[in-house]
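Coordinate analysis (summary)
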Amino acid sequence: MKLVKKIMATGLALVMAMSATVIAAPTTEAQASTDVVPYISFGANLKDSEKKTVMELLDVTSDDLDDYKVIEITNEEEHKYLDKYIDSSVIGSRALSSVKIEENADNDGINVTTKNINFCTEEMYVNALSTAGISDAEVTVAGPFPLSGTAALVGAIKAYSTMQGEDVDDEKMDAAIDELVTTGDFIDSIGSDKAAQLMAIIKDAVVKGDLDSDEDILKAIDDGAKKLDVKLTDAEKQKILEVMKKIGKLDLDISDLEKSAQKVYDAITSSGIDLDEAKGWFAKIFGGIGDFFSNIFSSIGDFFKNLF
């Protein structure tokens, strides 16, 4: 019933939006245009020489900084979000990771480039950032010397949230960081590519199917592992389960999610894995209700066409 109510509410909202479009005054060009200012988040404890190195890696000069909103991420903020997942000694006492975020003019999701980051892969960042609700962004993560890059996720999310004029959502931040760290746990055993793809496949099933029970999520985990031909221990499955339960509560939109992490999903589908294949009663519900609303919207369109 939770799934049905959610879809019914979405359908009703779309119907109302369509009706409003008919009577609303046209949007002026001035109203439609929005200038999104790019952001740079520097680690607050960078030495002058380290900051110079980071700026070179981010491909910005001192003069260029005038075109960016510049913020800092403190070591206290890193510990606030990371301590429950990473030993505090690993996080250290200096905030060094830095991030540049710009709007993706091509609207093709999240593109990530890493420089001097030796643990977090670009795909891992894309997955985690999409969970945090980030979309259509060009992201560059850099360290003054080789770093794990885990703390940079905090800076990326904070910079994007500030760029969009929204507060950082702690639940999204927590789920994204948990996802990033959990993905990293599987790199040694299954490789970075499959680790990122595994989390994306499972997340896709959880969000698309609105899965919230342990049994259903564990089934999705098993299905994902089977698709990628990887073996997981019970402890590893449990860890993924806990992350996915958090993600399932975020009310993510599957189309936004797949668009944001398009490059990861493209890699999955290019390997021959079909993310849209039937998955029991979830697929039947989506298909049936999808057809139902499709017919409704078609009728509404015909009504307004005849009316005007």
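Residues numbered from 1 in each chain as written. Predicted model: local features only at pLDDT ≥ 70, side-chain atom pairs only at ≥ 80, totals over all residues. Heavy atoms only, no water.

1. A few points about the sheet that holds strand β5 (residues 137–147)
As a reminder, the rule being used: The pairing criterion is simple: DSSP has to find at least two bridges between the two strands. Helix and strand definitions follow DSSP, with helices as H or I runs of at least four residues and strands as E runs of at least two, each counted in order from the N terminus. Each axis is a line fitted through C-alpha atoms, and for a helix only the stretch in contact is used; angles between axes span 0 to 180 degrees, taken between their N-to-C directions. Only heavy atoms enter the contact rule, under which two residues are in contact if any of them lie within 4.5 Å.
Ordered by their spatial adjacency, five strands build an open sheet running β2-β1-β3-β5-β4, and the pairing between neighbours is mixed. Only two strands of the sheet have a single neighbouring strand rather than two, namely β2 (69–73) and β4 (110–117). Direction aside, neighbouring strands of the sheet carry axes that sit 15 degrees apart on average. Looking at chain direction, strand β3 (residues 98–103) and β5 are connected through six bridges and run antiparallel. The residue bridging E102 from the neighbouring strand is E138, located in β5. Along the sheet face, helix α6 (residues 122–131) touches β4 and β5 and points at about 130 degrees away from the line of β4.

2. Some points on the packing of helix α10 (residues 192–209) against helix α14 (residues 262–270)
Quick note on the threshold: Angles below 35 degrees are treated as roughly parallel, those above 145 as roughly antiparallel, those between 65 and 115 as roughly perpendicular, and all remaining angles as oblique. Ten residues, namely Ala, Val, Leu, Ile, Met, Phe, Trp, Tyr, Cys and Pro, are considered nonpolar, four, namely Asp, Glu, Lys and Arg, are considered charged, and the remaining ones, Gly among them, are considered polar.
For the pair α10 and α14, interaxial distance at closest approach is 10 Å and the crossing angle is 95 degrees. Compared by their axis directions, α10 and α14 come out roughly perpendicular. Every residue of α14 that contacts α10 at A196, Q197, A200, I201 and D204 is listed here: V264, Y265, A267 and I268. Here the residues of the contact of α10 with α14 sort into seven nonpolar, one polar and one charged.

3. Things to note about the pattern of salt bridges
Let me state the cut-off plainly: By convention in these notes, a salt bridge is any Lys or Arg side-chain nitrogen within 4 Å of a carboxyl oxygen on Asp or Glu. Partly exposed residues are those whose accessible area sits between 20% and 50% of the maximum for their type, while under 20% is buried and over 50% is exposed, using a 1.4 Å probe and protein chains only.
Under the defined criterion, the tally for this structure stands at 13 salt bridges. Across the pair K219 and D223 runs a salt bridge, and its minimum N-O distance is 2.9 Å. Note that K219 and D223 are positioned in helix α11 (residues 214–228) at a spacing of four residues, about one turn of the helix. Taking relative accessible area as the criterion, D223 reaches 28% and is therefore assigned partly exposed. We note a salt bridge from K237 to D222, for which the minimum N-O separation is 3.0 Å.

4. Notes on the nonpolar core
How we decide: Within this scheme, the nonpolar core is defined by two criteria: the residues are buried Ala, Val, Leu, Ile, Met, Phe, Trp, Tyr or Cys, and they are joined through side-chain atoms within 4.5 Å.
Ranked by internal contacts, the top residues of the largest apolar core, which has 73 residues, are I101, Y125, L129, V139, L153, I177 and I240. The leading source of residues in this core is α10, at nine residues. Aside from chain neighbours lying at most four places away, what touches Y125 is V112, T114, I117, C120, V141, S148, G149, T150, A152, L153 and L180. In this structure, V54, M55, L65 and L96 belong to the second largest nonpolar core, which totals twelve residues.

5. So, the packing of aromatic side chains
The condition that has to hold: Two rings from Phe, Tyr or Trp (for Trp, the six-membered ring) form a pair when their centres sit within 6.5 Å of each other. Planes less than 30 degrees apart are called stacked, planes more than 60 degrees apart edge-to-face, and all others tilted. A ring has a charge above it when a Lys NZ or an Arg CZ is no more than 6 Å from the ring centre and no more than 35 degrees off the ring normal.
Counted by the stated rule, this structure contains zero aromatic pairs. When the ring centre of F42 is taken as origin, the NZ or CZ atom of K51, which lies over that ring, is 4.6 Å away.

6. What to know about the pairing of β5
The criterion, for reference: Crossover handedness is defined by viewing with both strands directed away from the observer: a clockwise path from the first strand over the helix to the second marks the crossover as right-handed.
For β5, the buried fraction is high: eight of the eleven residues fall into the buried class. Once the chain exits β4 it traverses α6 before rejoining the sheet at β5, and the crossover so formed is left-handed.

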